[in-house]
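Geometric and topological summary
So the chains spell out like this:
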Amino acid sequence: MITYDTDVSGLTEDDLAGFFVGWPTPPSPAQHLAVLRGSYRVVVARSDGAVAGFVNLISDGVLTGFVPWLEVRPEFQGRGIGSELVRRVLAEGAHLYSVDLTCDDELRPFYERLGLVALTGMGVRHRGVLKV
């Protein structure tokens, strides 16, 4: 059974193992935990106490928000957890004018099924800050 929670106060670095599969340089466990604790909203999916997935929302708390990370551990993928995490974090940001995210082209159909629309965006990545 999968449960969902917005409280990250009890999370530890050990709870967050197994994420960012395939990333060329994943964030360290300490960075990962700091990001979740510093986010405006977070939704965590658990299975028998283990963290199966998470999504976070950063925001000014007034008009705009951005979803930087949605991750589901590989052994939990294909069960609708990612979809439910997105639905829940969008509900957390329903009072905001805009909630945006960026994704690779192959993920667009996933987000479109959840009601998001394609926008044009730009960005920069400083991959060196992810040194472990």
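Below is a summary of the structure that appears in this document. Quick caveat, the model's predicted, so the values are computed rather than measured. (Residues numbered from 1 in each chain as written. Predicted model: local features only at pLDDT ≥ 70, side-chain atom pairs only at ≥ 80, totals over all residues. Heavy atoms only, no water.)

1. Quick look at the sheet that holds strand S1 (residues 2-5)
Our working rule: DSSP bridges decide pairing: two strands pair if at least two such bridges lie between them. Every helix listed is a DSSP run of H or I at least four residues long, and every strand listed is a run of E at least two residues long, numbered separately from the N terminus. Axis definition: a line fitted to C-alpha atoms, limited for helices to the stretch in contact. Angles are taken between N-to-C directions and run from 0 to 180 degrees.
One open sheet accounts for five strands, arranged S1-S2-S3-S4-S5; its pairing is mixed. The open sheet has two edge strands, S1 and strand S5 (98-100), and neither has a second partner. Across the sheet, the axes of successive neighbouring strands diverge by a mean angle of 20 degrees, strand direction being ignored. Examined bridge by bridge, S1 and strand S2 (residues 41-47) share four bridges and lie antiparallel to one another.

2. What to know about the pattern of salt bridges
Oppositely charged side chains can pair when the atoms bearing their charge come close. Worth spelling out the cut-off: Only one rule defines a salt bridge in this text: a Lys or Arg side-chain nitrogen within 4 Å of an Asp or Glu carboxyl oxygen. Burial classification: accessible surface area is computed with a 1.4 Å probe over protein chains only, and a residue below 20% of its type maximum counts as buried, one above 50% as exposed, and the rest as partly exposed.
Under the defined criterion, the tally for this structure stands at five salt bridges. Note that Arg73 and Glu75 form a salt bridge whose closest N and O atoms lie 2.3 Å from each other. For Arg73, a relative accessible area of 15% translates into the label buried. Note that Glu112 is salt-bridged to Arg108, the shortest N-O span being 3.6 Å. Of the two residues, Glu112 and Arg108 both sit in helix H3 (residues 108-113), four residues apart, roughly one turn of that helix. Ionic contacts of the salt-bridge type, sharing partners, join the residues Glu84, Arg87 and Arg88 into one network.

3. Comments concerning the nonpolar core
Where we set the bar: For our purposes a nonpolar core is just a set of buried Ala, Val, Leu, Ile, Met, Phe, Trp, Tyr and Cys residues, chained together by side-chain atoms within 4.5 Å. For this analysis, residues touch if any pair of their heavy atoms sits within 4.5 Å.
Membership of the largest hydrophobic core comes to 18 residues, with the highest contact counts inside it found for Val55, Leu70, Ile81, Leu85 and Val86. If you list the elements that add at least two residues to this core, you get S2, strand S3 (50-59), strand S4 (64-72), helix H2 (81-92) and H3. The element contributing the most residues to this core is H2, with four residues. Beyond its immediate stretch of four places on either side in the chain, Leu85 contacts Tyr4, Val43, Val44, Ala45, Gly53, Phe54, Val55, Leu70, Glu71 and Val72. Residues Leu33, Val42, Val51 and Trp69 belong to the second largest nonpolar core, which totals 12 residues.

4. Digging into the packing of aromatic side chains
Where we set the bar: Centres within 6.5 Å make a pair out of two Phe, Tyr or Trp rings, where for Trp the six-membered ring is used; the pair is then stacked when the planes are under 30 degrees apart, edge-to-face when over 60, and tilted otherwise. Geometrically, a lysine NZ or arginine CZ counts as sitting over a ring once it is within 6 Å of the ring centre and also within 35 degrees of the ring normal.
This structure, assessed with the given rule, holds seven aromatic pairs. A connected cluster of aromatic rings, assembled from ring pairs, spans Phe19, Phe20, Trp23, Phe54 and Trp69. Sitting over the ring of Tyr40, Arg41 keeps its end group 4.3 Å from the ring centre.

5. As for the side chain of Ser47
By the element assignment, Ser47 lies in strand S2. Every residue in contact with Ser47, bar those within four places of it in the chain, is listed here: Met1, Ile2, Ala52 and Phe76.

6. A short note on unusual backbone geometry
Its identity as a non-glycine residue notwithstanding, Phe20 has a phi of 65 degrees, on the positive side. Following the sequence through the fold, Phe20 ends up in the loop between S1 and helix H1 (29-38). Although it is not a glycine, Asp48 sits at a positive phi angle of roughly 50 degrees. On the secondary structure map, Asp48 appears in the loop between S2 and S3. With relative accessibility at 78%, the residue Asp48 sits in the exposed group.

7. Some details on H1
Under the convention used in this document: Note that the arc is computed from the directions linking the helix axis to the C-beta atoms.
Turning to H1, its buried residues are His32, Leu33 and Leu36. Buried positions in H1, seen along its axis, are confined to an arc of 95 degrees and lie on one side of it.

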